[in-house]
Amino acid sequence: MRYFSWLIGLVVVIYFLIGGKSLNEQGNSDFGRYAEKIPGSNITIDMVPINGGTFLMGSPSNEEGRSSDEGPQKEVKVNSFWMGTYEITWDQYSQFLHEKSENIKSREVTLKDGSKIMIDGVSAATQMYIDMSFGMGRQGFPAINMTQYAAMMYARWLYTKTGNFYRLPTEAEWEYACLAGSKTAYDFGNDLKELDKFAWFGGNSGEGYKEVGTKAPNAFGLYDMHGNVSEWTADQYYQDYFKKLKGNPADNPYFKPTTLYPRSVRGGSWMDDGLNLRSAKRQGSSKIWKQRDPKKKKSIWWLTDAPFIGFRLVRSKEAPTKEEIEKYWIKSMDDF
């Protein structure tokens, strides 16, 4: 009997070592890693659980490369959420781009609490004017050149397909996830010489983005939070963001966009120098990202001149209410 127990224990250990789920993921909690399969395909989106908490957002005044919009630092609280392990790839994004219009009309979705909500049809994205990957790669490479609106509509489309409410991260959630418990300029420390192990940037990218997940992850298991492509957040960009934060700590701050420019982008890209990949670095969108758009009224879907912009998704651990979801999507098209 003792030998049998020992053998069972050995099997369990081997199972974990070769990639089995943790005890937490198997049933002690429903807040574990998972892969969301896109219905109608064999493509999945890997999601990592991130336990919420309070952190010091922004950069200290003496941090090298710091900009004035990165502080003064402020205690901020975020709730638990899942975040995409990787930036959304062309493989995943193309499922939306090639969806037939009749499949994305208004439909009823059942929420986790059993209530139902009617989701307005998601508009089909306009076709690309040119190859928006600019020949840098597609399979396994991050999708780029989409507007914030297009990224949001992808999340909305995925919600209508799966019933799980996906969205863009807030600035606060993004920075919390990037820091992964660290208090340094980068999640791995302050030494720029170490950046090559964790990020694709101007110093090593060879003037192009790379396949997702080819550098080391941070402590939360997230890849490419520094570099590869910059990532949309859900927020309006404000130069005085930290002065607008209320409460101590500020509780899950989110500044819903009300004007087209600027919107908030994080993370730095394959085009940037190392200092622009810092966890606290902030950037606002610009109309010059559409300057070669051939349409008389600029597209709400594509950025012809932003091959450095992509996104990843999040999903709140606590599912939002029907009212919260409806409020989230109500927006004038003129805002985009």
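Parameters and conventions
Residues numbered from 1 in each chain as written. Predicted model: local features only at pLDDT ≥ 70, side-chain atom pairs only at ≥ 80, totals over all residues. Heavy atoms only, no water. Helix = DSSP H or I, 4+ residues; strand = E, 2+ residues; numbered from the N terminus. Buried < 20%, exposed > 50% of the residue type's maximum accessible area, 1.4 Å probe, protein only. Contact = heavy atoms within 4.5 Å. Lys, Arg positive; Asp, Glu negative; His and termini not counted. Salt bridge = Lys/Arg side-chain N within 4 Å of Asp/Glu carboxyl O. Polar contact = N/O pair within 3.5 Å; in protein donor to acceptor, adjacent residues only side chain to side chain. Pairing = 2+ DSSP bridges. Axes fitted to C-alpha atoms, helices over the stretch in contact; angles between N-to-C directions. Expected span 1.5 Å × (residues − 1). Phe/Tyr/Trp six-rings, centres within 6.5 Å; stacked < 30°, edge-to-face > 60°. Lys NZ or Arg CZ within 6 Å of the ring centre and 35° of its normal. Left-handed = near helix turned anticlockwise from the far one by under 90°. Nonpolar A, V, L, I, M, F, W, Y, C, P; charged D, E, K, R; others polar. Parallel < 35°, antiparallel > 145°, perpendicular 65-115°, else oblique.

Asks: Would you explain the overall build of the protein in this entry?
Replies: Across its full length, the protein holds seven helices and 13 strands. Across the 336 residues of the protein, 50% fall into the buried class. Intrachain contacts of the protein at a sequence separation of at least 6 include 74% that bridge at least 24 residues.

Asks: Any chance you could explain the side chain of Lys 74 here in plain terms?
Replies: Within the element layout of this structure, Lys 74 appears in strand E4 (residues 74-78). Nearest to the buried, unbridged Lys 74 among oppositely charged side chains is Glu 75, at 9.0 Å. A polar side-chain atom of Lys 74 sits 2.6 Å from the main-chain carbonyl oxygen of Gly 247. Non-local contacts of Lys 74, meaning those with residues more than four positions away in its chain, are made with Phe 55, Leu 56, Met 57, Phe 242, Leu 245, Gly 247, Asn 248 and Ala 250.

Asks: Would you mind going over the sheet that holds strand E8 (residues 230-236) with me for this structure?
Replies: The strands making up a sheet associate through hydrogen bonds between their backbones, and the pairing can be parallel or antiparallel. Strand order in this open sheet of four strands is E11-E10-E8-E12, and the pairing throughout is mixed. A strand with exactly one partner marks an edge of an open sheet, and here the two such strands are strand E11 (282-284) and strand E12 (309-310). Where strand E10 (residues 263-266) meets E11, three bridges bridge the pair, whose relative direction is antiparallel. Each residue of the ladder has a partner; that of Val 265, found in E11, is Gln 283. Relative to E8, helix H5 (residues 171-179) is tilted by about 140 degrees, and along the sheet it contacts E8, E10 and E11.

Asks: What am I meant to see in helix H4 (residues 148-162) here?
Replies: For an α-helix the count is 3.6 residues per turn, leaving residues at separations of three or four pointing the same way. Spanning 15 residues, H4 covers 21 Å between terminal C-alpha atoms, matching the ideal 21 Å at 1.5 Å per step. Counted residue by residue, H4 has 13 buried out of 15 residues, so it is predominantly covered. Looking one or two residues beyond H4, the residue adopting positive phi is Gly 163, at roughly 85 degrees.

Asks: Hey, could you run me through the packing of aromatic side chains in this one?
Replies: Aromatic ring pairs are defined here through the distance separating the ring centres and the angle between the ring planes. Tallied over the entire structure, the rule returns 27 aromatic pairs. Each ring, one from Tyr 241 and one from Phe 255, has its centre 5.3 Å from the other, and the planes form 75 degrees; the classification is edge-to-face. Highlighted residues: Tyr 241 in helix H6 (residues 241-244) and Phe 255 in the loop between strand E9 (250-251) and E10, separated in sequence by 14 residues. Taking the ring centre of Trp 200 as reference, the NZ or CZ of Lys 215 above it sits at 4.2 Å. A cation over a ring is seen here: Lys 244 above Tyr 238, with NZ or CZ 4.6 Å from the ring centre.

Asks: What should I look at first to understand the sheet that holds strand E1 (residues 34-37) in this one?
Replies: Spatial ordering of the open sheet is given by E1-E2-E5-E13, a layout of four strands whose pairing is antiparallel. A single partner strand is all that each edge strand has here, and the edge strands are E1 and strand E13 (314-316). Here the average twist between neighbouring strands, direction ignored, is 30 degrees. Two strands pair when backbone bridges link them, and strand E2 (residues 44-50) and strand E5 (residues 81-84) are joined in this way by four bridges, in the antiparallel orientation. Bridging from a neighbouring strand, Met 47 pairs with Gly 84 of E5.

Asks: Quick question: what am I supposed to make of unusual backbone geometry here?
Replies: Glycine aside, residues mostly have negative phi angles, and peptide bonds mostly take the trans form. Residue Pro 249 is reached from Asn 248 by a cis peptide bond, and omega for that bond is 5 degrees. In this fold, Pro 249 is placed in the loop between H6 and E9. Cis geometry is adopted by the peptide bond preceding Pro 262, which originates at Tyr 261 and carries an omega value of -10 degrees. When you line up the elements, Pro 262 lands in the loop between E9 and E10. Positive phi, close to 60 degrees, is recorded for Asp 224, a residue that is not glycine.

Asks: When you look at the packing of H4 against helix H7 (residues 322-329) in this model, what are you seeing that I'm missing?
Replies: Between two packed helices, what matters for the description is the angle formed by their axes and the separation of those axes. Close contact between H4 and H7 brings their axes to 12 Å; oriented N to C, the two are set at 145 degrees. Handedness of the crossing formed by H4 with H7: left-handed. Facing H4, whose interface residues are Met 152, Met 153, Arg 156 and Tyr 159, H7 presents Ile 325, Tyr 328 and Trp 329. In terms of residue class, the contact of H4 with H7 is made up of six nonpolar, no polar and one charged.

Asks: Just to check I follow, could you spell out the side chain of Asp 272 for this structure?
Replies: Along the chain, Asp 272 turns up in the loop between E10 and E11. The side chain of Asp 272 sits in the buried core without any salt bridge; Lys 281 is the nearest counter-charge, 8.0 Å away. A polar contact of 2.8 Å, which involves the side chain of Asp 272, links it to the backbone nitrogen of Ser 269. Among residues more than four places away in sequence, those in contact with Asp 272 are Phe 201, Gly 202, Ser 230 and Leu 277.

Asks: Would you take a moment to explain the packing of helix H3 (residues 90-97) against H4 for this structure?
Replies: At a minimum axis distance of 10 Å, the contact between H3 and H4 shows a crossing angle of 80 degrees. In terms of axis orientation, H3 runs roughly perpendicular to H4. Between H3 and H4, the contacting residues are Gln 92, Tyr 93, Gln 95 and Phe 96 on the first element and Ala 150, Met 153, Tyr 154 and Trp 157 on the second. For the contact of H3 with H4, the per-class residue count stands at six nonpolar, two polar and no charged.

From the geometry alone we can't say anything about function, so treat these as descriptive.
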